[in-house]
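What follows is each chain in one-letter form.
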Amino acid sequence: MTSDRHPPDKKSIERVDQLKTEIEAHNRRYYQFDDPVVSDAEYDALMTELLSLESQFPQLQTADSPTQRVGAAPLDAFSKVQHEVPMLSLGNGFSDQDIEAFIKRIEQRTDIDASALEFVAEPKLDGLAVSLIYDNGTLVQASTRGDGFNGEDVTANIRTIGSIPLSVPASTPSRFEVRGEVFISNQGFAQLNQNAQNNGEKVFANPRNAAAGSLRQLDSSITAKRPLLFYAYGYGVFPEQLLPETQFELIQSLRDWGFPVSSEIQLVEGLQGCLDYYQELEAKRATLGFDIDGIVYKVNQFDLQKQLGFVSRAPRWAIARKFPAEQATTQLLSIDVQVGRTGALTPVARLQPVTVGGVVVTNATLHNFQELQQKDIREGDQVVIRRAGDVIPEVVHSIVESRDPSAIPFIAPQHCPECESDLEHEQVVIRCTGGLYCPAQRREAIKHFASRKAMDIDGLGDKIVIQLIESGLISTIADIYTLELDQLSKLPRFGVKSATNLLAAIESSKTTTLPRFLYALGIREVGETTAKRLADHFADLQLIMQSDEQALEQVDDIGPVVAHHIVLFFQQEHNLRVIQQLLDSGIHWPQPDQIETVSQLLQGKRFVLTGTLQTMTRDQAKQALQDQGATVSGSVSAKTDFVVAGDDPGSKYKKAQQLGVQVLTEQELFDMLGVKNQE
Ligand code: IVH
């Protein structure tokens, strides 16, 4: 680059500054006020001039330059970000009574007359929450909510969203965090899917998925082409002394600083104000141009919010009032029976495609045969379909009046529809007894084994699993590790490149963890959490395999039913053979002594938790402690090292004091765990 030899001249420095300010001002007019004052061509000319100066003098190109909105070089993976203030969720309300109860709870806790209580009522945007950190006026980090404690660093992608300010006025705090929702308009969604369809790519099921899929792109130049929008609605890290007194003032400040905020946000008073707003917004919902799934009510005064605090992971000072699930009527073409991984048979409705809440629905669940019989839903019926948020659409009922008189009641199968095996009835669930003899169970077991939370074999998705089974290359999970390049590359739609990639992913899945491996085996009732608990407790696969029910029931949250399923699983010859083959193929995980050196800071320390924690459930705190080698028990004794006291601690707190056991506050616990808390 010539820049090393030619430092920028004063004129260029000034012009770059001027261009940045001018272009961002145009961005703001365009995105925030919908009132552009230049033509596209004029805007492009300014941008081209800036790009050319920056390429001449790369040292003038800063993170807050509007040229950075086009996207940066693709990443291999997102890095993790720990939220300094956890990003919590909201409790839900579904009726006027739920809102009344919410306000009553506040009244009782604060002694404030509810009719005078001020709330900020906001649309509940149906996108994904993000955190934006500004340092000395510049956007320095943007992350997704993740699990509320840790998210993904999506800074490069967020920079491409035109309406999000890359820099903020000098009057803002030197370091602060804005929170809000990234979403996509209905029009943007339709356009995106139209393009995807034209290019033969996968279409998104709904605007929320489209927004999430666009934001979580490793290649930010793709995100730059997506019509993402953003509304700010809150804060995270923020200097106490500079924080306005109310949520409403915060929203106004955010707007003044250049953040887009919804024009529907209103200050309302008491229950009646909340209910009126609901009616108003529900009536407007279809004309907003983007999806909302309800309303969020927040206590306006921040000091009152602080006084109210949190319960579990949701604030006591806010609630989401959800709109009712959307419904539509269509024809039930047929009822198919699906066999799942555990052999459970589920009736599935195949429907004449119908749009429900902006999504085309072709399948819906009928839950189980008992419900199907009780509701007397018949093939050919006109049926009402309901879809709420992310949940699988369901058939609510048939419209009996319009039923064809020749329609006959549905009869549940007498044998497994996939393998003809006998069925067993377990309360409302009908299950195939074929186990891994049943092709459906085998297929589902392999899909599960390869899935993200299990062995995480990138590229071994549902379709490829089916292709590999159908071509006879695999029939058990162990066969995955016997696949070879020349076998794979001969398959239709496979080339040498994709076959090589898949084999590399299979190879790298061999380095795993014990919880993942246990979960991947697909033992009935052993989900991710149970697998983790088993691994933490026994730390050794052979020990788990040899344990009887009694030993297994020593593990937290494992009762007789789960213990029985585990024992049964390890009694099956077939399963033992497959596990041996998997281990022989080189699957391995760190041994306990290797784990200890990583993070076992609280090794051997005994904790007792009492009272309500503000920012995490007791289970989460327990898990976090156990992850660092501590044990958590239910009662205080002289052997207890620490008692963690949340709100309203009980007798355990007193006992700790009597015994002289050290008592920790929630904040002190967080410090020990290395997590930063609210205040
Ligand atoms: S406030 C502790 N305000 O809803 C308060 N959230 O269920 C947390 N959301 O993760 C959030 N619109 O993704 C808030 N006006 C709004 C919102 C909103 C949508 C989402 C957000 C959050 C989820 C919580």
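The shown structure was predicted, so the numbers you read here are calculated from the model rather than taken from an experiment.

A. Just the site of the ligand, in detail. Of all residues adjacent to the ligand, which total 14 residues, the nearest are Glu 122, Leu 125, Glu 181, Tyr 233 and Lys 298. Here an oxygen atom of the ligand and a side-chain polar atom of Lys 124 are 3.2 Å apart. Measuring from a nitrogen atom of the ligand, one finds a side-chain N or O atom of Lys 298 at 3.0 Å. Relative to its unbound accessible area of 520 Å², the ligand is 85% covered by the protein chains. Contributing elements (two or more residues each) for the shell around the ligand: strand 3 (118-125) and strand 10 (292-299). A per-element tally of the shell around the ligand places strand 3 first, with four residues. Of the residues in the shell around the ligand, the class split is eight nonpolar, one polar and five charged.

B. Quick peek at the packing of aromatic side chains. Under the defined criterion, the tally for this structure stands at 18 aromatic pairs. Seen from their ring centres, Phe 176 and Phe 238 are 5.8 Å apart, and the 65° between their planes marks the pair as edge-to-face. Pair noted here: Phe 176 is in strand 7 (residues 175-184) and Phe 238 is in the loop between strand 8 (228-235) and helix 8 (247-256), with a separation of 62 residues, a long-range link. Take Phe 176 and Phe 238: they sit in the same class, and that class is buried. Pairwise contacts between aromatic rings join Tyr 134, Phe 176, Tyr 235, Phe 238, Trp 257, Phe 259 and Phe 302 into one cluster. Just above the ring of Tyr 278 sits the side chain of Arg 321; from NZ or CZ to the centre is 3.8 Å.

C. Fine view of the packing of helix 12 (residues 439-450) against helix 13 (residues 462-470). Look at helix 12 against helix 13: their axes get within 10 Å of each other, and the N-to-C directions meet at 135°. Considering the angle they form, helix 12 stands oblique to helix 13. Viewed along their axes, helix 12 and helix 13 form a crossing whose handedness is right-handed. Contacts between helix 12 and helix 13 involve Arg 443, Ile 446 and Lys 447 on the former and, on the latter, Asp 462, Val 465, Ile 466 and Ile 469. Of the residues that constitute the contact of helix 12 with helix 13, the class distribution is four nonpolar, no polar and three charged.

D. How the structure looks around the sheet that holds strand 7. With respect to topology, four strands assemble into an open sheet ordered 5-4-7-8, the strand pairing being antiparallel. A single partner strand is all that each edge strand has here, and the edge strands are strand 5 (138-144) and strand 8. Strand after strand, the sheet turns through a mean of 35° between neighbouring axes, direction not considered. Pairing geometry for strand 4 (residues 128-135) and strand 5, over six bridges, is antiparallel. The residue bridging Ile 133 from the neighbouring strand is Gln 141, located in strand 5. The strands that helix 8 touches are strand 7 and strand 8; relative to strand 8, the one it contacts most, it runs at about 140°.

E. Focus on the nonpolar core. Counting 52 residues, the largest nonpolar core has Phe 449, Ile 457, Leu 534 and Leu 582 as its most contacted members. Only helix 12, helix 13, helix 15 (496-509), helix 16 (514-520), helix 17 (528-538), helix 18 (541-546), helix 20 (560-571) and helix 21 (573-584) provide two or more residues apiece to this core. Counting residues per element, this core draws most heavily on helix 20, at six residues. Within the second largest apolar cluster, 37 residues are counted, among which are Ala 142, Leu 228, Leu 250 and Phe 302.

F. Representation of unusual backbone geometry in the model. Although it is not a glycine, Arg 493 adopts a positive phi angle of roughly 65°. The backbone of Glu 525 shows a phi angle near 70°, a positive value even though the residue is not glycine.

G. Structural detail: the pattern of salt bridges. Evaluated as defined, the whole model comprises 32 salt bridges. With its nearest N and O atoms 2.7 Å apart, the salt bridge here joins Glu 394 to Arg 386. A relative accessible area of 18% means that Glu 394 is categorised as buried. Given the relative accessible area of 30%, Arg 386 is considered partly exposed. Each of the salt bridges in this network shares a partner with another, and the network as a whole consists of Asp 376, Arg 378, Asp 381 and Arg 403.

H. Molecular detail of the sheet that holds strand 3. Taken together, the five strands give an open sheet; going across it, the order is 2-13-10-3-9, and neighbouring strands pair in mixed fashion. Either end of the sheet is taken by a strand with one partner, and the two such strands are strand 2 (92-93) and strand 9 (266-269). Relative to strand 10, strand 3 is paired through seven bridges, and the arrangement is antiparallel. When the sheet's bridge partners are listed, Ala 121 is paired in strand 10 with Tyr 297. Sitting on the sheet, helix 8 is in contact with strand 3, strand 9 and strand 10, with an inclination near 50° to strand 3. This element, helix 9 (residues 270-284), spans strand 3, strand 9, strand 10 and strand 13 (318-322) of the sheet and lies at about 135° to strand 9.

Basis of the calculations
- Starting from 1, residues in each chain are numbered consecutively following that chain's sequence as written.
- Local features in a predicted model are, by the rule used here, given only for residues with pLDDT of at least 70; side-chain atom pairs are given and counted only at 80 or more, and totals for whole chains, interfaces and linings are based on all residues.
- Heavy atoms from the whole structure form the basis of all side-chain values; hydrogens and water molecules are not counted.
- Here, proximity means that at least one heavy atom of the residue falls within 4 Å of the molecule or strand.
- Counting of polar contacts relies on pairs of N or O atoms within 3.5 Å, with two restrictions inside protein: one atom must be capable of donating a hydrogen and the other of accepting it, and residues adjacent in sequence are counted only when both atoms are side-chain atoms.
- Reported accessibility uses the Shrake-Rupley method at a 1.4 Å probe radius. Residues are deemed covered only where the shown protein chains occlude them.
- In DSSP terms, a helix is any run of H or I states spanning at least four residues, a strand is any run of E spanning at least two, and both are numbered starting from the N terminus.
- Each residue receives one of three labels: charged for Asp, Glu, Lys and Arg, nonpolar for Ala, Val, Leu, Ile, Met, Phe, Trp, Tyr, Cys and Pro, and polar for the others, Gly being one of them.
- Two rings belonging to Phe, Tyr or Trp (six-membered ring only in the last case) form a pair when the distance between their centres is within 6.5 Å. Interplanar angles under 30 degrees mark stacking, angles over 60 mark edge-to-face geometry, and anything in between is tilted.
- Buried, partly exposed and exposed residues are distinguished by accessible area as a fraction of the type maximum, computed with a 1.4 Å probe on protein chains only: under 20%, between the cut-offs, and over 50%, respectively.
- Look at NZ for Lys and CZ for Arg. If either is within 6 Å of the ring centre and within 35 degrees of the ring normal, a charge sits over the ring.
- Angles run from 0 to 180 degrees between N-to-C directions of axes, and those axes are lines fitted to C-alpha atoms, restricted for helices to the stretch in contact.
- Comment on the angle field: the value is read as roughly parallel under 35 degrees, roughly antiparallel over 145, roughly perpendicular from 65 to 115, and oblique elsewhere.
- Helix crossings fall into two classes, left-handed where the near helix is turned counterclockwise from the far one by less than a right angle and right-handed where it is turned clockwise.
- Every residue pair with non-hydrogen atoms within 4.5 Å of one another is taken to be in contact.
- DSSP calls a pair of strands paired once it identifies at least 2 bridges connecting them.
- Here, nonpolar core means buried Ala, Val, Leu, Ile, Met, Phe, Trp, Tyr and Cys residues that are tied together by side-chain atoms lying within 4.5 Å of each other.
- Whenever a carboxyl oxygen of Asp or Glu lies within 4 Å of a side-chain nitrogen of Lys or Arg, that contact is scored as a salt bridge.

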